[in-house]
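Analysis of the macromolecular model
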Amino acid sequence: MTANTVEFGLDTFGDVTQDEGGTLESHAQVIRNVIEQGVFADQLGVDFFGIGEHHRQDFAVSSPETVLAAIAGRTSRIHLGSAVTVLSSDDPIRVFQRFSSLDAASSGRAEVILGRGSFTESFPLFGFELSQYEKLFEEKLDLFAALLSNEPVTWKGTTRPPLSNQGVFPTIEKGHLKTWIGVGGSPASVVRAAQYNLPLMLAIIGGSPYRFQPYIDLYHRAFAQLGGTVQPIGIHSPGYIADTDDQAREELWPSYKAMRDRIGRERGWPPMTRNEFDSEIESGSLYVGSPETVAAKLAPVIKTLGVSRFQMKYSAGTLSHRKLMRCIELYGQKVIPAVRAAISKES
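Structural notes, computed from the coordinates.

The rules we used
- Throughout, a residue's number is its position along its own chain's written sequence, starting from 1.
- The model is predicted, so local features are restricted to residues of pLDDT at least 70 and side-chain atom pairs to those at 80 or more, both for listing and for counting; the totals for chains, interfaces and linings are taken over all residues.
- Where side-chain values are given, they derive from all heavy atoms of the structure, hydrogens and water being excluded.
- Only DSSP runs of H or I covering at least 4 residues are called helices, and only runs of E covering at least 2 are called strands; the numbering of each starts at the N terminus.
- Our radius of gyration looks at C-alpha atoms and nothing else; its globule reference is 2.2 Å times the residue count to the power 0.38.
- Only protein chains enter the accessibility calculation, which uses a 1.4 Å probe. A residue is then buried if its area is under 20% of the maximum for its type, exposed if over 50%, and partly exposed in between.
- Among buried residues, the Ala, Val, Leu, Ile, Met, Phe, Trp, Tyr and Cys ones that are joined through side-chain atoms within 4.5 Å form a nonpolar core.
- Note on contacts: a residue pair is in contact if any heavy atoms of the two residues lie within 4.5 Å.
- Note on pairing: DSSP must find at least two bridges between two strands before they are called paired.
- Salt bridge, as used here: a side-chain nitrogen of Lys or Arg that lies within 4 Å of a carboxyl oxygen of Asp or Glu.

On a plain count of helices and strands, the protein chain comes out with 11 helices and 12 strands. On C-alpha atoms alone, the protein chain measures out to a radius of gyration of 20 Å, which is about the 20 Å that the 2.2 N^0.38 rule sets for 347 residues. Across its three principal directions, the C-alpha atoms of the protein chain cover 60 × 45 × 40 Å. Going through the 347 residues of the protein chain one by one, you find that 52% of them count as buried.

Turning next to the nonpolar core. Of all hydrophobic cores here, the largest spans 101 residues; its most connected members are Phe49, Leu202 and Tyr331. Here this core gets 10 residues from one element, more than from any other, and that element is helix 11 (residues 321–346). Once you skip the residues sitting within four places of it in the chain, Leu202 turns out to touch Val183, Phe212, Tyr215, Ile216, Ile233, Gly234, Ile235 and His236.

What follows concerns the pairing of strand 1 (residues 7–12). Burial runs high along strand 1: five of the six residues are buried. One ladder, built from five bridges, connects strand 1 with strand 12 (residues 309–313); its direction is parallel. The partner of Leu10 across the bridge, within strand 12, is Met312. The pairing of strand 1 with strand 2 (residues 48–51) spans four bridges and is classified as parallel. The partner of Thr12 across the bridge, within strand 2, is Ile51.

Now for the environment of Ser131. Mapped onto the fold, Ser131 is located in the loop between helix 4 (122–125) and helix 5 (133–147). In sequence terms Ser131 and Gly73 are 58 residues apart; their C-alpha atoms lie 40 Å from each other.

Taken as a whole, this structure holds 25 salt bridges when the rule is applied. The closest approach of N and O atoms between Lys313 and Asp15, which form a salt bridge, is 3.2 Å. Of this pair, Lys313 sits in strand 12 while Asp15 sits in the loop between strand 1 and helix 1 (27–43), and the two are 298 residues apart along the sequence. For Asp15, a relative accessible area of 4% gives the class buried. Between Glu250 and Arg274 there is a salt bridge, and its shortest N-O distance comes to 2.8 Å. You can see Glu250 sitting in helix 8 (residues 245–267) and its partner Arg274 sitting in helix 9 (residues 274–283), a full 24 residues away along the chain. By relative accessible area, Glu250 is classed as partly exposed at 47%. Through salt bridges with shared partners, one network takes in Arg56, Asp58, Glu121, Arg262 and Glu266.

Below, the structure written as structure tokens:
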């Protein structure tokens, strides 16, 4: 791994933000802001811009591909993808068609990260049973993997009607649709990614990032046993950058706590304390601070884990569009060059 082979991305879930006066913005305005953020990331030389799929009031984006298509029309180089697409509650053929259409519109810049998602609102919304959580993902991933050949597909399962020599259009113009498997900590999902010869995206959202080393080792062992070439490995983690460490912490803390506590109440977690927040910044997977601080923390993680992409989830609760744009600016102009320089120096 060299500095030039590492890619740097930004992810957002389209969190509903406040305007400068402290009023929550409409979903429509948040989506327009996300488009501006993606265009800005392209201008700064960021490699990838990902948008997550959610179906709840506190996140504005339920159709990432539509928003990504708007960004594609105003950009020329940045790769665009999901973060993640909840395959379990969608139709694999429609997912492929939407992303192959995005790939055409962006001249080959589309990617998709497939996962089960950490929220379950899409299951009742689209008429799927949570009791089939595992089965739905396994079968739908199997079908999606077959679609990547760009050839007519014959497939049979239990969760949807079979296919017999079925063409699916539009096909990918050149090569294949880059498809990652998003994993939050399941060894079985790591092995499954290797079995389908697909890149691995690890969602490291809490605790030491180095605790994911066994999953990376498992991914390598699976490929060794399968006799294949290891595919790229990426990590997705939250972060926020401001001009100084204190500014970053103080700006992020209220929004981050409110978001974390809101989700935590749904899942039976206790409220987040300031000590937990600070500890996660200092020794966990929350990349918060000045550009120099964030780069100094990030470089050894990339180097030690040997990953080829880092995606920072920069949106966090109600943080304003203006602050998010400044975060993106510092990430593109200062953090990425500093991390590349540190990796080159260590190589």
